[in-house]
Number of protein chains: 2
Amino acid sequence: MPNEKLISPRKLSGFMELSPSKQVVFDEMVDKIKQVFKTNCFMPIDTPVLELSEILLAKSGGEIDKEVYHFKKGDTDICMRYDLTVPLARYVAMNSESLSFPFKRYQIGKVYRGERAQKGRFREFYQCDADIIGNENLPIPADAECINLVDKVFKALNIDIINHISNRNILFGYCEALGLKDKCNDILIYLDKIAKIGKENTLKEIINLDVSKEKAVKLVSIVEKCGSFDKVLSEIDSLTDNELYQKGINELKELSKILNAMNIDQNKVVLDIGIIRGQNYYTGTVFEAVVHSHPEFGTVCGGGRYDNLAGYFTDKKLPGVGMSVGLTRLFDQLDNNNMLPAYPVSTTKLVIIPLDNTLEECFSLCTQFKENGVYAEVNYSERSFKAKMKDANKREIPFVMIVGEKEVDSKIYSLKNMATSEQKQLSFNESLSEILKHYNNQ
Amino acid sequence: MPNEKLISPRKLSGFMELSPSKQVVFDEMVDKIKQVFKTNCFMPIDTPVLELSEILLAKSGGEIDKEVYHFKKGDTDICMRYDLTVPLARYVAMNSESLSFPFKRYQIGKVYRGERAQKGRFREFYQCDADIIGNENLPIPADAECINLVDKVFKALNIDIINHISNRNILFGYCEALGLKDKCNDILIYLDKIAKIGKENTLKEIINLDVSKEKAVKLVSIVEKCGSFDKVLSEIDSLTDNELYQKGINELKELSKILNAMNIDQNKVVLDIGIIRGQNYYTGTVFEAVVHSHPEFGTVCGGGRYDNLAGYFTDKKLPGVGMSVGLTRLFDQLDNNNMLPAYPVSTTKLVIIPLDNTLEECFSLCTQFKENGVYAEVNYSERSFKAKMKDANKREIPFVMIVGEKEVDSKIYSLKNMATSEQKQLSFNESLSEILKHYNNQ
């Protein structure tokens with residue numbers, strides 16, 4: 001008879017929740033990304049998930065986007081963070097006296113966007129962000145450092161990407177040079193959509209902005225430039241001597257030199273003038289990485305340069321550059337395409353099974369294995385020996401040790417390699433080296 | 001002239017936010033705890049911060065505690081998790097078919113309690129939880145495994161604790177034996193307060209429950225029993241032959257044997273019949289760890305055995321045992337008492353300073369250092385050489401490498417040990433071994 005008082009266990013839709021095995025893989029990816037950030041001298045911060053609405057909505061003048069989770073607690077208006085950038089701005093503005101600049105920080109944490117649930121979109125997802133914030137100024141090598149992070153992060157994850165890089169000053173300056181300065185933002189919106197809506201429609205939309213066909217064709221043609229830095233730069237560097245345009249060209253040239261010095265694989269970066277990145281706040285370098293074999297994943301990592309991080313909170317001018325990986329979505333895409341590394345059913349390497357009345361000896365042995373770095377456990381359940389062996393098999397445990405009274409007396413134990421079914425009579429030390437050998441071969 | 005449009009950057013009160021330096025230490029503590037959980041064959045899960053209110057409030061019949069952050073999004077009633085146990089119950093109930101039991105999981109994550117802000121209390125804090133969930137039954141060695149985790153976690157953190165252990169069946173059974181079964185829960189509430197309200201007041205309150213003075217004295221006297229397992233067990237094991245009481249005694253005896261086999265330092269665990277742990281859901285083993293030198297910190301880690309994890313969500317009987325560290329509060333206490341390990345101003349081990357026009361060479365060298373595991377960076381700011389040296393000094397960077405055109409030509413670089421002020425002319429490889437030597441000595 002079913003219990004009618006039971007509440008059906010469900011989670012909110014649009015929230016990722018993994019099996020323990022897949023979580024192991026996810027956590028390893030986080031660890032690898034973290035290690036890249038650390039090696040590159042970025043330091044961690046961990047801001048709260050909740051912020052005062054006044055702070056989080058400063059940019060929109062307090063208007064609440066319907067995506068943002070917000071609520072009142074007592075008299076306090078609270079929002080859940082929807083990215084890690086606004087909290088960073090608040091943090092840097094609050095602590096600017098004690099931080100040393102350039103301030104290189106990373107933060108890996110969950111952010112919240114209550115958008116309509118759809119495949120591949122999550123309402124709670126991990127962002128892995130690294131930013132460099134300057135005080136008053138920040139030279140171009142900082143941009144190279146962020147692009148280097150992208151390269152190293154995806155190398156660490158063993159994912160083959162191509163990072164498409166541009167500099168927004170190119171298009172800003174080009175619009176200026178064509179006498180279209182006041183229409184520049186609208187033009188960029190359509191140029192940004194070219195991959196979605198196609199070349200012809202983009203042309204049409206730009207002409208609709210009261211731009212001559214000739215100029216529209218020029219604009220569409222420059223955003224189609226994509227290739228090696230040397231090639232694209234040589235094609236576009238003298239299109240106009242507009243000051244902003246030439247600033248963009250010079251920044252790209254400097255960037256390219258440093259990227260070379262950093263020994264970044266030249267096949268992994270392209271100069272792609274079509275990279276715009278919708279958000280208005282990018283002011284110079286911009287980049288978007290795509291997975292080489294799976295362009296349909298879209299941008300798996302993006303970032304760029306912004307002139308002023310915390311203008312809502314402080315008079316200090318704090319230019320920055322950053323990169324961000326949306327890990328939850330990426331993980332989901334890898335999973336759906338069978339591109340995750342092999343994940344273990346269990347992380348346990350050794351199960352010790354007591355026979356007769358040897359539980360204490362089993363725990364004593366288990367402690368010694370763990371002290372030597374082996375993930376070991378005792379199967380102390382009340383099930384039969386056969387059931388325990390079957391369980392170890394099902395969980396794909398590599399080694400099982402069987403400990404009966406005879407083994408306790410002789411201190412020679414039966415170690416079974418579950419993959420080969422080979423069973424050996426070994427001392428503790430011999431067992432340990434057998435298991436560690438297996439570890440090291442993995 | 002101050003900008004009047006600025007929003008004063010503030011965070012919500014009661015939310016911990018650390019400097020990057022202290023965050024490094026916090027993260028290292030998390031990593032150490034995680035490593036203990038892993039070594040002991042616990043696997044990770046990561047449930048959402050948000051849950052359906054119906055799920056999170058199942059226990060209270062839907063009533064919302066004023067501590068819980070909750071809100072509506074569209075038609076959905078949502079709560080922020082206030083612990084990791086209810087989400088675990090939901091997770092296990094949802095996935096019981098695919099999990100293998102005993103299911104050993106750890107989760108380290110933020111939980112939310114909007115209680116009145118006060119010193120040492122946080123509204124957002126990390127819980128580090130490890131639990132073992134059985135299917136239908138779970139033998140006592142599981143309790144020993146959790147107590148072992150407490151021991152190993154605090155060893156890893158280099159914090160000297162004493163874990164006070166008891167078994168609630170002792171007091172349940174003793175009340176039964178004294179004919180006070182129906183008053184048992186009320187009696188336990190007062191016995192739990194003895195440290196706070198004192199022995200005399202406890203006696204008074206219990207007598208007020210219509211308990212004879214003689215029995216009240218017996219009850220207060222048994223909760224005062226505290227010492228080594230052998231000593232306390234010999235004092236109390238034949239106080240009554242009540243079945244529940246003897247079940248408690250037998251469970252404690254078995255527990256003690258396994259803890260010995262696990263080689264847990266006998267000075268780090270005591271049998272303390274006064275440990276009750278308010279929450280009603282504990283049904284057997286209970287424990288609370290205190291810091292040896294700072295009992296005023298209170299319980300820094302607690303846990304115990306519960307008969308049924310997920311009774312609200314499933315008919316399956318899922319007994320469990322778990323432990324939990326409230327890391328945010330513990331970190332705050334350690335910090336306030338200068339008990340944190342030394343934390344670095346910066347994690348950078350080497351700053352490379354370009355002289356003349358050597359930026360590219362600096363980045364090339366920096367890449368090689370990083371590939372060899374050295375946290376290295378180039379100081380590419382536009383400040384003077386002197387200012388850069390001063391900055392490295394202020395940030396307590398151990399090594400500075402100075403690279404001018406001469407150094408680029410000769411491939412012999414100036415490596416300065418900032419602590420000793422010694423400056424050596426070294427090749428890349430010599431510099432690397434000098435720096436790695438320093439790493440290994442730390």
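Just so it is clear, the model here is predicted, and its values are computed rather than measured.

Student: Looking at this model, I keep getting lost on the overall build of chain A. Mind explaining?
Tutor: Each helix and strand counted, chain A has 16 helices and 17 strands in total. Against the 2.2 N^0.38 benchmark of 22 Å for 442 residues, chain A shows a C-alpha radius of gyration of 28 Å, more extended than a compact globule. Its C-alpha atoms give chain A principal-axis dimensions of roughly 90 × 55 × 50 Å. Expressed as a percentage of the 442 residues in chain A, the buried residues total 58%.

Student: Quick question: what am I supposed to make of the pattern of salt bridges here?
Tutor: Where charged atoms from two side chains of opposite charge come close, those side chains can pair. All names here are of chain A. Inspection of the entire model under this criterion finds 48 salt bridges over all chains. Put simply, Glu434 and Lys424 hold a salt bridge, and the shortest N to O gap is 2.9 Å. With Glu434 in helix α16 (residues 428-441) and Lys424 in strand β17 (residues 423-426), this residue pair connects regions lying 10 residues apart in the sequence.

Student: In this structure, what is going on with the interface of chain A and chain B? I would like to understand it.
Tutor: Note on interface size: it is often stated as the accessible area lost on association of the parts. Between chain A and chain B, the contact holds 100 residues from the first and 102 residues from the second. For the pair chain A and chain B, the summed buried area comes to about 8500 Å², and 59% of that belongs to carbon and sulfur atoms. The interface formed by chain A and chain B holds 8 salt bridges in total. Its salt-bridge partner being Glu17 of chain B, residue Arg90 of chain A comes within 2.7 Å of it at the nearest N-O pair. For the side of chain A that touches chain B, the leading source of residues is helix α1 (residues 20-39) of chain A, giving 9 residues. In the side of chain A that touches chain B, the residues fall into 51 nonpolar, 24 polar and 25 charged.

Student: Help me out: how do you make sense of the packing of helix α10 (residues 229-236) of chain B against helix α11 (residues 243-261) of chain B in this one?
Tutor: When two helices pack together, their arrangement is captured by the angle between the axes and the distance separating the axes. Residues and elements named next belong to chain B. Between α10 and α11, the least distance of the axes is 11 Å, while the angle of their chain directions is 160 degrees. With respect to each other, α10 and α11 are oriented roughly antiparallel. In this structure, α10 crosses over α11, and the sense of that crossing is left-handed. Where α10 approaches α11, its residues Phe229, Leu233 and Ile236 are matched on the opposing element by Tyr245, Ile249, Leu252, Lys253, Ser256 and Leu259. Taken together, the residues that form the contact of α10 with α11 break down as 7 nonpolar, 1 polar and 1 charged.

Student: How should the side chain of His164 of chain A be read in this particular structure?
Tutor: Among the structural elements, His164 of chain A can be located in strand β7 (residues 161-167). Side chain to side chain, His164 of chain A and Asp272 of chain A meet in a polar contact 2.8 Å long.

Student: Please clarify how the packing of aromatic side chains should be interpreted in this entry.
Tutor: Any pair of aromatic rings gets described here by the distance separating the centres and the angle formed by the planes. Within the structure shown, the criterion is met by 21 aromatic pairs over all chains. Where Phe26 of chain A meets Tyr126 of chain A, the ring centres are 5.3 Å apart and the plane angle is 50 degrees; that geometry is what we call tilted. Here Tyr126 of chain A lies in strand β6 (residues 124-133) and Phe26 of chain A lies in helix α1, a separation of 100 residues in the sequence. Judged by relative accessible area, Phe26 of chain A falls into the buried class, the value being 3%. Where Phe26 of chain B meets Phe331 of chain B, the ring centres are 5.2 Å apart and the plane angle is 65 degrees; that geometry is what we call edge-to-face. Taken together, the residues Phe26 of chain B in helix α1 (residues 20-39) and Phe331 of chain B in helix α12 (residues 327-336) connect sequence positions 305 residues apart.

Student: How should I be thinking about the environment of Asp27 of chain A in this particular structure?
Tutor: Tracing the sequence through the fold places Asp27 of chain A in helix α1. In this structure the C-alpha to C-alpha distance between Asp27 of chain A and Ser384 of chain A, which are 357 residues apart in sequence, comes to 34 Å. In contact with Asp27 of chain A, not counting residues within four places along its chain, are Pro44 and Tyr106 of chain B.

Student: When you look at the sheet that holds strand β4 (residues 76-80) of chain B in this model, what are you seeing that I'm missing?
Tutor: Sheets are built from strands that pair by backbone hydrogen bonding, the pairs being arranged parallel or antiparallel. All names here are of chain B. Reading across the sheet, the 3 strands line up as β2-β4-β3 and stay open at both edges, with antiparallel pairing between neighbours. Taken across any chain shown, the strands that pair with only one partner, and hence form the sheet edges, are β2 (50-52) and β3 (70-73). Here the strands of the sheet are splayed against their neighbours by 40 degrees on average, with no regard to which way each runs. Pairing of β2 with β4, which is carried by 3 bridges, proceeds in the antiparallel orientation. For Leu50, the partnering residue across the bridge sits in β4 and is Met80.

Student: Sorry, what's going on with α16 of chain A here?
Tutor: Note on helix geometry: an α-helix contains 3.6 residues per turn, so any two residues three or four positions apart are oriented the same way. All names here are of chain A. With 14 residues, α16 extends 20 Å from end C-alpha to end C-alpha; this agrees with the ideal 20 Å at 1.5 Å per step. Those residues of α16 not exposed but buried are Phe428, Ser431, Leu432, Glu434 and Ile435. Seen from one end, α16 has its buried residues packed into an arc of 165 degrees, which puts them on one side. Within α16, the exposed residues directed more than 90 degrees away from the buried face are Asn429, Asn440 and Asn441. Looking at the buried side of α16, the elements it contacts are β13 (350-354), α13 (359-371), β15 (399-403), β16 (413-417) and β17.

Student: I keep staring at the relation of the copies chain A and chain B and nothing clicks. Help me out?
Tutor: Superposing chain A onto chain B takes a rotation of 180 degrees plus a shift of 0.0 Å along the axis, which leaves an RMSD of 0.0 Å. Considering both components of the superposition, the chain copies are consistent with a two-fold axis. Across chain A, the smallest distance between a C-alpha and the rotation axis is recorded for Phe71 of chain A, namely 3.0 Å. Interface overlap between copies is the fraction of interface residues in one copy that are interface residues in the other; for chain A against chain B it reaches 100%, indicating a shared surface.

Student: Hey, could you run me through the sheet that holds strand β2 (residues 50-52) of chain A in this one?
Tutor: All names here are of chain A. Pairing is antiparallel across the open sheet formed by 3 strands, whose spatial order is β2-β4-β3. Either end of the sheet is taken by a strand with one partner, and the two such strands are β2 and β3 (70-73). In this sheet, neighbouring strand axes are inclined to one another by 40 degrees on average, regardless of whether the strands run parallel or antiparallel.

Student: Explain unusual backbone geometry here, please?
Tutor: Note that the residue after Phe101 of chain A, namely Pro102 of chain A, is joined by a cis bond; omega there is -5 degrees. Position of Pro102 of chain A among the secondary structure elements: in the loop between α3 (85-95) and β5 (103-112).

Student: Any chance you could explain α10 of chain B here in plain terms?
Tutor: Residues and elements named next belong to chain B. Within the span of α10, buried status applies to Phe229, Val232, Leu233 and Ile236. Burial along α10 is one-sided: seen end-on, the buried residues are contained in an arc of 100 degrees. Turned more than 90 degrees from where α10 packs its buried face, Asp230 and Ser234 sit exposed. For α10, the elements touching its buried residues are β7 (161-167), α5 (168-177), α9 (213-223), β8 (226-227), α11 and β9 (269-272).

Student: What is the right way to look at a positive patch on the surface in this model?
Tutor: On the surface, a cluster of positive charge is made up of Arg121, Lys193, Lys196 and Arg329 of chain A. On the basis of relative accessibility, which here comes to 37%, the residue Lys193 of chain A falls in the partly exposed class.

Student: How should the state of the cysteines be read in this particular structure?
Tutor: Taken as a whole and judged by the stated rule, the model has 0 disulfides over all chains. In this structure Cys79 of chain B is a free cysteine whose sulfur lies 18 Å from that of Cys79 of chain A, the closest cysteine sulfur available.

Student: Help me understand the pairing of strand β4 (residues 76-80) of chain A in this model?
Tutor: Two faces belong to every sheet, and in a regular strand the side chains alternate between them. All names here are of chain A. Taken together, the 4 bridges between β3 and β4 define a ladder with antiparallel strand orientation. Looking across to β4, one finds that Phe71 is bridged to Ile78. Where β3 folds back onto β4 in an antiparallel hairpin, the turn is made up of 2 residues, including Gly74, whose phi is positive at roughly 60 degrees.

Student: Even after reading the chapter, I still don't get a negative patch on the surface, so can you show me in this structure?
Tutor: A surface patch of like charges, here negative, comprises Glu254 of chain A together with Asp356, Glu360, Glu361, Glu382, Glu405 and Asp409 of chain B. Elements with a minimum of two residues in the negative patch: α13 (359-371) and α15 (405-410) of chain B. Structurally, Glu382 of chain B is set in the loop between β14 (376-378) and α14 (385-394).

Student: In this structure, what is going on with the environment of Ile33 of chain A? I would like to understand it.
Tutor: Residues and elements named next belong to chain A. With respect to the helices and strands, the residue Ile33 is situated in helix α1. When the C-alpha atoms of Ile33 and Lys152 are compared, they prove to be 8.5 Å apart, with 119 residues separating the residues in sequence. Residue contacts for Ile33: discarding those within four places in its chain leaves Ile108, Cys128, Val153, Leu157 and Leu327.

Analysis parameters
Residues numbered from 1 in each chain as written. Chains lettered and ligands numbered in written order. Predicted model: local features only at pLDDT ≥ 70, side-chain atom pairs only at ≥ 80, totals over all residues. Heavy atoms only, no water. Helix = DSSP H or I, 4+ residues; strand = E, 2+ residues; numbered from the N terminus. Rg over C-alpha atoms; globule rule 2.2 N^0.38 Å. Buried < 20%, exposed > 50% of the residue type's maximum accessible area, 1.4 Å probe, protein only. Salt bridge = Lys/Arg side-chain N within 4 Å of Asp/Glu carboxyl O. Contact = heavy atoms within 4.5 Å. Buried area = accessible area lost by both parts, 1.4 Å probe. Nonpolar A, V, L, I, M, F, W, Y, C, P; charged D, E, K, R; others polar. Axes fitted to C-alpha atoms, helices over the stretch in contact; angles between N-to-C directions. Parallel < 35°, antiparallel > 145°, perpendicular 65-115°, else oblique. Left-handed = near helix turned anticlockwise from the far one by under 90°. Polar contact = N/O pair within 3.5 Å; in protein donor to acceptor, adjacent residues only side chain to side chain. Phe/Tyr/Trp six-rings, centres within 6.5 Å; stacked < 30°, edge-to-face > 60°. Pairing = 2+ DSSP bridges. Expected span 1.5 Å × (residues − 1). Arc of directions from axis to C-beta. Least-squares fit on C-alpha atoms with pLDDT ≥ 70 in both. Patch = residues over 30% accessible without salt bridge, like charges linked within 9 Å, V, L, I, M, F, W, Y side chains within 5 Å. Areas by Shrake-Rupley, 256 points an atom, 1.4 Å probe, with all protein chains shown as cover. Lys, Arg positive; Asp, Glu negative; His and termini not counted. Charge placed at Lys NZ, Arg CZ, Asp CG, Glu CD. Disulfide = S-S within 2.5 Å.

Treat this as a map of the structure, not an account of what it does.
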